[in-house]
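Observations on the three-dimensional arrangement
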Amino acid sequence: MKLETSCLQVAIFAPLRRIFSYACPASGPLPAGVRVRVPFASGSRIAMVLGMGPCPPGVEVKDIQTVLDSTPILDPALQRLIAFGAAYYQHAIGDVWATALPAALRKGQPLPDIAASYQLSAAGRAALQRVRGKRQRALLDALQTDGMLAPTTLEAGLRPALREAVRRGWAQAVAAPIPALRCSDSPFHLHQEQQAAVAVLRAAEGFSPVLLQGVTGSGKTEVYLETLRPHLEAGGQALVLVPEISLTPQLLDRFAQRFGGEQVAALHSGQSDGERLRTWAAAREGRLRVIIGTRSAVFVPLPRLAMIVVDEEHDPSFKQQTGWHYSARDLAIQRARLEGCPIVLGSATPSLESLHNVDLGRYGTLHLRQRAGGAQAPAIALLPLRRQGLQGGLSGPLLGACAATLAAGNQVLLFLNRRGYAPALLCHDCGHVFHCPRCAAALIWHRRDARLRCHHCGHEERLPRNCPQCGSAALISAGQGTEQLEDVLRERFPDTPIWRVDRDALRGREALENVVREVRRDEPAILVGTQILAKGHHFPAVTLVGIVNTDQGLFSADFRAPERLLQTVLQVAGRAGRAERPGRVLLQTHHPEHPLLQALLQGDYSAPAAALLAERVAAGLPPATALAVLRAEAHQRSRVEAFLQGAAALAPAGLEVSGPLPSLLERRAGFERAELWAQAGTRAVLQRLLSTWLQALEALPQARQVRWQIDVDPLSF
Ligand code: ADP
Ligand code: ZN
Ligand code: ZN
């Protein structure tokens, strides 16, 4: 029996809430950040070395099988970020590591040697005369002509020949030079507010978060570009985070035009494992200067990181909703703190969290109040719906405004945040509503493919002919979705092109790009769509924006709904119009007197946002307090209740626990769901109390009868 005093502590890449000990290799301790293959259960797993520590008493520890890296794959600051992410979000460290690494590394593949280029060796030069193979010949010729070749620039057919030449000693590796930066000047004369913002941001040193509040189209991107330029020219690197994959191509184009295509790369989940790994490794070696990426790009290693930009920082997509519930925006702040670099959060409609941090003096703030190029902000007006006849959810005045806009040669954008034909199918005779058999939710009618679908669990069925309750064939829709809007509009405007922009209509990234290209043609057209329309793309020929179902955001059980409504309206509004053709925004509502809508009429974000923030403070809700939600689900409701009651009883003093409360969606995919809310005065206090609490929960017998998870700083309910 081998009893060690000092053991290797490793995290297995899996959601296991504990650390495992293995024997220290005979060659000596391994540094933290090195991957190893270890025997685990009856097989073997890839794991990350966290350091050395005491051995578990009285247990025989096993030897590791292989060491996969010669040096740590992440630098100490990123290792600390990962440790922070696990502790702050109360999540298994091994799963946090797994999320932070590209899939290929998680699976144990070696780090590719991006730096290496190859040149002809003396033996290779000698061989040049006698080699016969066509490929081998072509390769040696290429090496001879170019002097040096990188595998990445080599045509794929020649790569095996290169491997062969290396094996025979004909080609040898040399470190390739880092391609030179080719900056071009901004095509614009920066307006005064842009200049002021760039001056402040360029002067920032060390950890200094700044909220850049700029109305849509005010030229925030131009500010990022010009702020980063001197950092990049001085050899630094930059990280730019965006909420959506669909936003990366546009931004990538602008950065590549300014700094050269070889220096800038995207990193997102739409890429293949190999592509992600190559980009990741090139960033780690300093060969890429700017990484533009979505959530998990916050972990990309950048040895000369000079600045972080988080664009559209208010966007809830920065929060991961499955597995490890981290906020990439908040971890970006933490990363900037750990790396001691400046960070800019940009948005036209900042989150109340960030505005609160400005109020507390934690973030600096900069404003861009004017649209660049002289464009005007659209005028906002309300369309009261009470006692108005509706056609597929559209009022007469809104349809009239559409007709007038199209007749003037302009485009219309109608926003409705509901996919499908109708959010429910109803029996006209007995009132029966078709529900998902596995969720506490109505099925969505998708008329195009004659199906009912659940948007929560993926259940779907053929459109029924009759009511199962009374047999009637009079089945009608309740409410409207984007499909129905499209139909109504096609009937009313048969000669106008209509583009539906939602997840059903768009499959793949190119689809959205295609629509954007078509719409840019500047001919009369109608765009109908969901949230996707509020993100990033500009539609300059749109002069009328209609918000179809404003009230959906006013009366929701989610305390963030009014904030989202405000952000969405101003974001959608901001996508429209240009200098010579200002836009207008019409909001259909049954509640025109609602204070939030009245505040919105001013077209400004700050005043209504400040009012909403004051309401949160008064109600003791985030960001005035820190909140975590403990969610539990099981097939039997009694088990969920028993666990949550047991959990509530174990809450440490100072942690304010309320519940159990049924979740907003009480049953999903056959699981009964409920939750506890846990609050504390500050995030630091919450973190401390939660870790005590979770340890107690692990030991609770009822915990093994349910599936449970904790969501710190939850954004959706
Ligand atoms: P934002 O990121 O704030 O939405 P962008 O940087 O994308 O704004 O700028 C909006 C539009 O205005 C873009 O087409 C951009 O090229 C243009 N633009 C930016 N700055 C200027 C400027 N100083 N003068 C003229 N046009 C500008
Ligand atoms: Zn019926
Ligand atoms: Zn369902």
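Description of the structure in this document.

What counts and how
Residues numbered from 1 in each chain as written. Chains lettered and ligands numbered in written order. Predicted model: local features only at pLDDT ≥ 70, side-chain atom pairs only at ≥ 80, totals over all residues. Heavy atoms only, no water. Salt bridge = Lys/Arg side-chain N within 4 Å of Asp/Glu carboxyl O. Helix = DSSP H or I, 4+ residues; strand = E, 2+ residues; numbered from the N terminus. Buried < 20%, exposed > 50% of the residue type's maximum accessible area, 1.4 Å probe, protein only. Donors = N, O, S within 2.8 Å, 3.2 Å for Na, K, Ca; no water. Tetrahedral: all angles 85-135°; square planar, octahedral: opposite > 155°, others 65-115°. 1 Å grid on protein atoms, 1.4 Å probe; cavity = no way out; pocket = protein on both sides within 12 Å on 5 of 7 lines; lining within 4 Å. Points joined across faces, edges and corners; volume = space filled by probe spheres on them. Nonpolar A, V, L, I, M, F, W, Y, C, P; charged D, E, K, R; others polar. Contact = heavy atoms within 4.5 Å. Pairing = 2+ DSSP bridges. Near = heavy atom within 4 Å. Polar contact = N/O pair within 3.5 Å; in protein donor to acceptor, adjacent residues only side chain to side chain. Areas by Shrake-Rupley, 256 points an atom, 1.4 Å probe, with all protein chains shown as cover.

1. Some remarks on the pattern of salt bridges
Two side chains of opposite charge can pair, provided their charged atoms sit close to one another. Within this structure, the stated rule accounts for 41 salt bridges. A salt bridge links Arg-637 to Glu-666, with the nearest nitrogen and oxygen atoms 4.0 Å apart. Of this pair, Arg-637 sits in helix α19 (residues 637-649) while Glu-666 sits in strand β29 (residues 656-668), and the two are 29 residues apart along the sequence. For Arg-637, a relative accessible area of 26% translates into the label partly exposed. Take Glu-666: its relative accessible area is 39%, and that puts it in the partly exposed class. Because the salt bridges share partners, they merge into one network encompassing Arg-448, Glu-483, Glu-486, Asp-487, Arg-490, Arg-500 and Asp-502.

2. Some words on the coordination of the zinc ion (ligand 3)
Every protein donor of the zinc ion (ligand 3) is listed here as Cys-436 (SG), Cys-439 (SG), Cys-454 (SG) and Cys-457 (SG), and their distances to the metal cover 2.3 Å. Classification of the site at the zinc ion (ligand 3) as tetrahedral follows from its 4 donor atoms and the range of 107 to 111° in their angles at the metal. Read N to C, the donor residues that coordinate the zinc ion (ligand 3) are spaced as C-x2-C-x14-C-x2-C.

3. Quick look at the layout of surface pockets
In this structure, the second largest pocket encloses a volume near 1300 Å³. Mapped by element, the contributors of at least two residues to the lining of the second largest pocket are α8 (220-233), α9 (248-259) and α15 (509-519). The element contributing the most residues to the lining of the second largest pocket is α9, with 6 residues. Partitioned by chemical class, the residues of the lining of the second largest pocket number 14 nonpolar, 16 polar and 13 charged.

4. Looking at the environment of Val-545
For Val-545, the position within the fold is in strand β26 (residues 542-547). It is 7.5 Å that separates the C-alpha atoms of Val-545 and Phe-415, two residues lying 130 residues apart in sequence. When residues no more than four places from it in sequence are discounted, the contact partners of Val-545 are Leu-413, Val-572, Ala-576, Arg-584, Val-585 and Leu-586.

5. Description of the coordination of the zinc ion (ligand 2)
Cys-427 (SG), Cys-430 (SG), Cys-467 (SG) and Cys-470 (SG) make up the full set of protein donors to the zinc ion (ligand 2), lying at 2.2 to 2.4 Å. Coordination geometry of the zinc ion (ligand 2): the 4 donor atoms subtend angles of 104 to 113° at the metal centre, consistent with an arrangement described as tetrahedral. Sequence positions of the donors to the zinc ion (ligand 2) reduce to the motif C-x2-C-x36-C-x2-C. Of this pair, Cys-427 sits in strand β19 (residues 424-427) while Cys-470 sits in the loop between β22 (460-462) and β23 (475-478); the two residues are 43 residues apart in sequence, bridging distant segments of the chain. Judged by relative accessible area, Cys-470 falls into the partly exposed class, the value being 40%.

6. Concerning the side chain of Thr-589
Note on placement: Thr-589 falls in strand β27 (residues 584-589). Taking the relative accessible area as the measure of exposure, Thr-589 reaches 0% and is therefore buried. Sequence-distant contacts of Thr-589, defined by excluding residues within four places in its chain, comprise Leu-382, Leu-383, Pro-384, Leu-385, Thr-550, Asp-551, Leu-554 and Leu-597.

7. Points about the pairing of strand β8 (residues 209-214)
Side chains on a regular strand alternate between the two faces of the sheet. In terms of residue burial, β8 counts as a mostly covered element, since 6 of its 6 residues are buried. Side-chain alternation along β8 places Pro-209, Leu-211 and Gln-213 on one buried face and Val-210, Leu-212 and Gly-214 on a second face that is also buried. Judged from the 5 bridges that link them, β8 and strand β14 (residues 364-368) form a sheet pairing that is parallel. Each bridged residue has a counterpart across the sheet, and for Gly-214 the counterpart in β14 is Leu-368.

8. Some remarks on the site of ligand 1
Taken together, the neighbourhood of ligand 1 is formed by 16 residues, with Phe-188, Gln-194, Lys-220, Thr-221 and Arg-254 sitting nearest. A distance of 2.9 Å separates an oxygen atom of ligand 1 from a polar atom in the backbone of Gly-217. Lys-220 places a main-chain nitrogen or oxygen 2.8 Å from an oxygen atom of ligand 1. Protein coverage of the free-state accessible area of ligand 1, which is 550 Å², stands at 76%. With 3 residues, α8 is the single largest residue contributor to the shell around ligand 1. Of the residues that constitute the shell around ligand 1, the class distribution is 4 nonpolar, 9 polar and 3 charged.

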